[in-house]
Amino acid sequence: MVKAALKRNAASVIFAHNHPSGVAEPSRSDELLTRALKDALALIEVTVLDHFVVAGPASVSFAERGLL
């Protein structure tokens with residue numbers, strides 16, 4: 001993710017991934033990975049705007065939940 005942001009000269013990023021289980025609720029692993037990516041990207045001054053978890057028609061926004 002850091003390499004992709006650098007390659008594109010990004011100032012910010014939004015993450016999204018699906019949960020094939022059909023449950024859009026973020027897992028503890030999702031939260032830990034998001035925190036690690038956010039910390040790594042902060043080192044190169046790239047802001048994480050949001051992370052969406054998608055499951056079928058449902059989605060959850062980390063930003064809306066205050067998880068960023």
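In this report, we go over the structure that sits alongside the text.

Criteria and thresholds
- Residues numbered from 1 in each chain as written.
- Predicted model: local features only at pLDDT ≥ 70, side-chain atom pairs only at ≥ 80, totals over all residues.
- Heavy atoms only, no water.
- Helix = DSSP H or I, 4+ residues; strand = E, 2+ residues; numbered from the N terminus.
- Polar contact = N/O pair within 3.5 Å; in protein donor to acceptor, adjacent residues only side chain to side chain.
- Contact = heavy atoms within 4.5 Å.
- Core = buried A, V, L, I, M, F, W, Y, C linked by side-chain atoms within 4.5 Å.
- Buried < 20%, exposed > 50% of the residue type's maximum accessible area, 1.4 Å probe, protein only.
- Expected span 1.5 Å × (residues − 1).
- Arc of directions from axis to C-beta.

**Notes on the side chain of His19**
Relative to the helices and strands, His19 is located in the loop between strand S1 (12-18) and helix H2 (28-42). Within polar-contact distance, the side chain of His19 engages the side chain of His17 at 3.2 Å. Within the structure, the side chain of His19 is placed 2.9 Å from the side chain of Asp30, a separation counted as a polar contact. Not counting residues up to four positions away in its chain, the partners in contact with His19 are Ala24, Glu25, Pro26, Ser27, Asp30, Val53, Val54 and Ala55.

**Focus on the nonpolar core**
Across soluble globular proteins, nonpolar side chains have a tendency to be buried as a group. Formed by Ala5, Val13, Phe15, Leu41, Val46 and Val48, the largest nonpolar core amounts to 6 residues. Discounting residues that sit within four places of it in the chain, Ala5 has contacts with Ala10, Val13, Leu41 and Val46.

**Notes on the side chain of Ser61**
When you line up the elements, Ser61 lands in strand S3 (residues 58-61). A polar contact is formed between the side chain of Ser61 and the side chain of Asp50, at a distance of 2.6 Å. Separated by 3.1 Å, the side chain of Ser61 and the backbone nitrogen of Glu64 make a polar contact.

**Section: H2**
Structural remark: α-helix, 3.6 residues per turn; residues separated by three or four positions point the same way. For H2, spanning 15 residues, the distance from its first C-alpha to its last is 21 Å, which sits close to the expected 21 Å at 1.5 Å a residue. For H2, every residue scored as buried is listed here: Asp30, Thr34 and Leu41. An end-on view of H2 places all buried positions within 35 degrees of arc, on one side of the element. Set apart from the buried face of H2 by more than 90 degrees, the exposed residues are Arg28 and Ser29. Against the buried residues of H2 lie helix H1 (2-7), S1, strand S2 (47-55) and helix H3 (62-65).

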